[in-house]
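Working through the structure, step by step
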Amino acid sequence: MSRKTKLKLNRMRFNLKRYVFSGRYFVRNALFLMILATVVSIGIVGIGLLKSSGSDESVEAEEAEITEGLVLKVEAPSMIADISRDELNKIINDEQKVEVAAKEAVVLAKAKYDMTGRFIAIEDAVNIRDAASESAEIIGRLYKGASGEVLEAGTEWIRIRSGKVTGYVSAEFIVTDAEASAKAEEYIGGIATTTADNVCVRIDSSEDADILYLTKKGERFIANMDRNETGWTSIRLDDGSYGFISAQYTKVETGFSEAVSMEQVDSMKKALAEMAEEVAEKKAAALEEQAKESEEEKEPSEQTDASSEDESTGSEADDSREVNEKKTETDTKTEEKKEEKKEEKKEEKKEEKKEETKEETSGSEKEEEKAETETNASDLYLLAAIVYCEAGAEPYEGQLAVANVVINRLNTGKWGNTLADVIYAPYQFTGCQMSSFSTALKTGGSASCLRAAQEALNGNNSVPGYYYFRPYKNVALEKLSNYTIIGTHVYY
């Protein structure tokens, strides 16, 4: 080794001892080494990322074969937001592989309600039968939005269990499984539970309205959320009729209703009929009491009139005595005057007979007017009752339209010559077969139904020329040349 090289090595050892391994500069040197290591690590990571992004096009994606019938389910749209359909087709495009048909990606969001193995009734008052046949006995009823368990699936009939009822339902009136999950949010409603005994269900949202039914604590009813009034909850009873109950005594929760058995329907009809009779008796008793009170008020006034008549009669008697005394002083009347008096008496008798004839005529006219008034009143309540049962849950415009359909039919004479003939015509208005119809005949159903019936009878026709109405969801509107939709009904 040359002298020059030795000098260089000695100088390097000296510098290392003095500047690197010296305790005086140890902290500075450690920090320097840490910074250097960090910079090197960042550089290595960055180089790795650049390599991975640059080789995406060259790396072949692994294609996983799947069995026939499986579906590609993407719950989050963001998963495919940055990938074009064309690129996705390039990656997955062989037969027996996952494909995106027609370059369209379908996003399947998770349903809010899982109705797997369950059903929802999409029509109202769906019959449940004890066998898969239209001639089988009806054992229960499903109102729109009711749900339950699917026991046996079928193309025409489905065996279900809901509430206390197990039977068969026509497949066209319910949806099941995935379709039910998709429509659950549309058909879910409110369930009202009473929190006390003997809570009054009234025909209208007023404490003065007639009572339909007295509830028991814990009874559950369908809550008709669209008809709720301030302080009142609109509910549907087991027989299908509607009523109002104080919101103070009900707890309303979101949920699906259940089927009602025909025993429940009949029991409710009986309870409503008994309550209607009780209400009618109370009204009759109240009218009798009012009549008695009015008679008692009249008696003192009649006694006062009688006493005044006695006083006037006494004064008249005194006057007649004075006249007689004066007459004794005059000459005796001639025979001619007597004859005049006889003639006067004859004329008076004739006048009395005429007055009696007039009174009899006016009396018969009053009886005819009274009978006509009673007929008009019965027609009003009959029309209001059918409006209540057919469109009680509809807006006022819909109630008026139903009343006018009845009047339109009456004017044609095709369905009958009286309102009763039209309403009770076979296979026309199913509302007249409901138990609530008999109650509505006495009360008019509701104030709005009475108003609609009265306006229709007065000639306010909102649907001239229309003789039919049905829920518009059940009608092929494209086949109708002339129609109008009001509420949930189509009139044509």
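The structure contained in this document is the topic of the report that follows.

The rules behind these values
Residues numbered from 1 in each chain as written. Predicted model: local features only at pLDDT ≥ 70, side-chain atom pairs only at ≥ 80, totals over all residues. Heavy atoms only, no water. Pairing = 2+ DSSP bridges. Helix = DSSP H or I, 4+ residues; strand = E, 2+ residues; numbered from the N terminus. Axes fitted to C-alpha atoms, helices over the stretch in contact; angles between N-to-C directions. Patch = residues over 30% accessible without salt bridge, like charges linked within 9 Å, V, L, I, M, F, W, Y side chains within 5 Å. Areas by Shrake-Rupley, 256 points an atom, 1.4 Å probe, with all protein chains shown as cover. Salt bridge = Lys/Arg side-chain N within 4 Å of Asp/Glu carboxyl O. Contact = heavy atoms within 4.5 Å. Buried < 20%, exposed > 50% of the residue type's maximum accessible area, 1.4 Å probe, protein only. Expected span 1.5 Å × (residues − 1).

1. As for the sheet that holds strand 8 (residues 189-194)
To summarise the sheet geometry, strands pair through backbone hydrogen bonds and adopt either a parallel or an antiparallel arrangement. Read from one edge to the other, the open sheet built from seven strands follows the order 10-9-13-12-11-8-14, with strand pairing classed as antiparallel. Looking along the sheet, the strands with just one partner apiece sit at the ends: strand 10 (211-214) and strand 14 (250-255). Ignoring strand direction, the axes of neighbouring strands in this sheet form an average angle of 40 degrees. Summarising the sheet, strand 9 (residues 200-202) and strand 10 pair through three bridges and their orientation is antiparallel.

2. Some thoughts on a nonpolar patch on the surface
Among the surface-exposed residues, Phe32, Leu33, Leu36, Val40 and Ile44 lie close enough to one another that they form a single nonpolar patch of about 530 Å² accessible area. Secondary-structure assignment places valine 40 in helix 2 (residues 26-54).

3. Points about the sheet that holds strand 17 (residues 484-486)
Sheet architecture is open: three strands sit in the order 16-18-17, paired in antiparallel fashion. The open sheet is flanked by strand 16 (469-471) and strand 17, the only strands paired with a single partner. Going from strand to strand, the sheet's axes swing by 30 degrees on average, the running direction of each strand aside. Taken together, the three bridges between strand 16 and strand 18 (residues 489-491) define a ladder with antiparallel strand orientation. Paired with proline 471 across the bridge in strand 18 is histidine 489. Most of the contacts of helix 7 (residues 396-412) go to strand 18, to which it runs at about 40 degrees, and overall it touches strand 16, strand 17 and strand 18.

4. What about the pairing of strand 5 (residues 157-162)?
As judged from the three bridges shared by strand 4 (residues 147-152) and strand 5, these two strands associate in the antiparallel manner. Paired with glutamate 149 across the two strands is arginine 161, which belongs to strand 5. Turn length for the strand 4-strand 5 hairpin, with the two strands adjacent in sequence and antiparallel, is four residues. Alignment of strand 5 against strand 6 (residues 165-170), held across six bridges, turns out to be antiparallel. Bridge pairing in strand 6 places arginine 159 opposite tyrosine 168. Following strand 5, the chain reverses through two residues before pairing antiparallel with strand 6; glycine 163 in that reversal takes a positive phi of roughly 65 degrees.

5. Brief notes about the pattern of salt bridges
Evaluation of the coordinates by the stated rule reveals seven salt bridges. Its salt-bridge partner being arginine 236, residue aspartate 124 comes within 2.8 Å of it at the nearest N-O pair. Here the residue aspartate 124 occupies a position in the loop between strand 1 (118-121) and strand 2 (126-129), and arginine 236 occupies one in strand 12 (residues 232-236), the gap between them amounting to 112 residues. Accessibility expressed as a relative area gives 35% for aspartate 124, which makes it partly exposed. For arginine 236, a relative accessible area of 12% gives the class buried.

6. Regarding helix 7
Taking 1.5 Å per residue, 17 residues should reach 24 Å; helix 7 reaches 25 Å between its end C-alpha atoms and fits that length. Burial analysis of helix 7 places 13 of its 17 residues in the buried class, the great majority of the element. Glycine 413 lies just past helix 7 and shows a positive phi near 75 degrees.

7. Description of unusual backbone geometry
In this structure, alanine 125 is a non-glycine residue whose phi angle is positive, near 55 degrees. Within the secondary structure, alanine 125 is located in the loop between strand 1 and strand 2. If you check the backbone angles, asparagine 198 has positive phi at about 55 degrees while not being a glycine.

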